[in-house]
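Okay, here's what each chain looks like letter by letter:
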Amino acid sequence: MPEAAVRAVLFDFDGTLADTAADLCGAVNRLRIEHGQPPIDVAEGRPWASSGARGLLRVAFGLTPEHATYEAMKTRFLDHYAEVLCEETRLFPGIEELIAALSARGIAWGIVTNKATRFTAPIVAGLGLTPACVVCGDTTAHLKPHPASLLHAAAELSLAPQDCWYLGDDLRDIQAARAAGMRPVAVTYGYHGELNGPPDTWPADLVIAAPLDLVPHLGR
């Protein structure tokens, strides 16, 4: 069966478009040092990076939002992160080439992330990216897995949701895309969330191991 035509490809940010784990771990390690604790390895924090402050505070301090000190620690973590936003953050290998392939086919691309605008916008600029839309965690009233941010992106692009594909490295991304009526594409090269299980168990239409693996599915 031929695949449905795609008019836009939307990307989750952390763990899908950009490898931000090193800078997120750098921020939480600043916080650990403040509290007299040794740094954690990036490899230890990496699987939690898609969850941002919630994930990093959990792996580094055992804190969850129910803890009395969580909000204060979250604020301090985010202050540290704002200072190291794009020191080691890079696009994943193959992303530049995938964006070029999309442009060559006249397919729009954008970003839909739970990351706040104050962090996302400087990184997007620092990486030299020019997406057709950027929808952040504070753009709508709901975070993924709610579909609101994806539907907002489709509206910005003046496209029907079914004309859009959404790539993500977390189960929430796939759930949000499915709820929005978009085609969900899971990537195995990202962070995969804390307790989500492997991407091939998620309700995705397609699972890819590298960004350029999407190209054969785009048509001409």
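Residues numbered from 1 in each chain as written. Predicted model: local features only at pLDDT ≥ 70, side-chain atom pairs only at ≥ 80, totals over all residues. Heavy atoms only, no water.

**Quick word on the pairing of strand S4 (residues 108-112)**
This is how the line gets drawn: Each residue is assigned to one of three classes by its accessible area relative to the maximum for its type, calculated with a 1.4 Å probe on protein chains only: buried under 20%, partly exposed between the two thresholds, exposed over 50%. Elements are defined by DSSP. Helices are runs of H or I of four residues or more, strands are runs of E of two residues or more, and each kind is numbered from the N terminus. Pairs of strands are assigned from DSSP output, requiring at least two bridges between the strands. The handedness of a crossover follows from its direction of travel: if, with the strands pointing away from the viewer, the path from the first strand over the helix to the second runs clockwise, the crossover is right-handed.
Judged by how many residues are buried, S4 sits mostly within the fold: 4 of 5 residues are covered. Note: strand S1 (residues 8-11) against S4, 4 bridges, orientation parallel. If you follow valine 9 over to S4, its bridge partner there is tryptophan 109. Traced from S4 through helix H6 (residues 117-126) to strand S5 (residues 133-135), the parallel crossover comes out right-handed.

**Concerning the packing of helix H1 (residues 21-34) against helix H3 (residues 52-61)**
Packed helices, taken two at a time, are described by the angle their axes make and the gap between the axes. Worth spelling out the cut-off: The convention used is that axes are lines fitted to C-alpha atoms, helices contributing only their stretch in contact, and that angles between N-to-C directions extend from 0 to 180 degrees. Just so you know how the angles are binned, under 35 degrees is roughly parallel, over 145 roughly antiparallel, 65 to 115 roughly perpendicular, and the rest oblique. The crossing is said to be left-handed when, going from far helix to near helix, the turn is anticlockwise and less than a right angle, and right-handed when the turn is clockwise. The contact definition used throughout considers only heavy atoms, calling two residues in contact when any of these lie within 4.5 Å. In this classification, Asp, Glu, Lys and Arg are treated as charged, Ala, Val, Leu, Ile, Met, Phe, Trp, Tyr, Cys and Pro as nonpolar, and every other residue, Gly included, as polar.
H3 packs onto H1 with a crossing angle of 45 degrees between their chain directions and a minimal axis gap of 10 Å. Relative to H3, H1 is oriented oblique. Crossing angle aside, the handedness with which H1 passes H3 is right-handed. Along its contact with H1, which presents Leu24, Cys25, Val28, Leu31 and Arg32, the element H3 presents Leu56, Leu57, Ala60 and Phe61. Looking at side-chain class alone, the contact of H1 with H3 contains 8 nonpolar, no polar and 1 charged residues.

**Topic: the packing of H1 against helix H4 (residues 70-83)**
Interhelical geometry of H1 versus H4 gives an angle of 125 degrees and a closest axis separation of 8 Å. Comparing the axis directions of H1 and H4 gives the class oblique. The element H1 and its partner H4 pack so that their crossing is right-handed. Counting all contacts with H1, which are made through Asp23, Leu24, Ala27, Val28, Arg30, Leu31 and Glu34, the residues of H4 involved are Met73, Arg76, Phe77, His80, Tyr81 and Glu83. Its residues assigned to classes, the contact of H1 with H4 shows 7 nonpolar, 1 polar and 5 charged.

**Some words on the sheet that holds strand S8 (residues 206-208)**
Spatially, S5-S4-S1-S6-S7-S8 is the arrangement adopted by the 6 strands of the open sheet, whose pairing is parallel. Each having just a single partner strand, S5 and S8 make up the two edges of the open sheet. Between one strand axis and the next, the sheet turns through 25 degrees on average, direction left out of account. For strand S7 (residues 183-187) and S8, the ladder comprises 3 bridges, and the chain directions are parallel. Each residue of the ladder has a partner; that of valine 185, found in S8, is leucine 206. Set on the sheet, helix H5 (residues 95-104) makes contact with S1 and S4; between it and S1 the angle comes to about 155 degrees.

**Concerning H1**
So the rule is basically this: Given the number of residues in a helix, its expected span is that number minus one, multiplied by 1.5 Å.
Counted at 1.5 Å a residue, the expected span for H1 with its 14 residues is 20 Å, and the 20 Å between its end C-alpha atoms agrees. Burial of H1 is extensive: 10 of the 14 residues sit out of reach of the surface. For H1, the full list of buried residues reads Ala21, Ala22, Asp23, Leu24, Cys25, Ala27, Val28, Asn29, Leu31 and Arg32. Contacts from the buried residues of H1 go to strand S2 (18-19), helix H2 (42-45), H3 and H4. Downstream of H1 by a residue or two, glycine 36 has a phi angle that is positive, lying close to 70 degrees.

**Considerations on unusual backbone geometry**
Following lysine 144, the chain continues to proline 145 via a peptide bond in cis, the omega torsion being 20 degrees. Position of proline 145 relative to the elements: it lies in the loop between S5 and helix H7 (148-156). In the Ramachandran plot, serine 158 falls in the positive-phi region, its phi being about 55 degrees despite a non-glycine side chain. With respect to the secondary-structure elements, serine 158 resides in the loop between H7 and strand S6 (164-168).

**Things to note about the environment of glycine 137**
Within the secondary structure, glycine 137 sits in the loop between S5 and H7. Classification of glycine 137 by relative accessible area gives buried; the value is 16%. Through-space distance from the C-alpha of glycine 137 to that of proline 39 is 28 Å; in sequence the pair is 98 residues apart. Residues within four places of glycine 137 in sequence aside, it is in contact with Thr113, Asn114, Lys115, Ala116 and Leu143.

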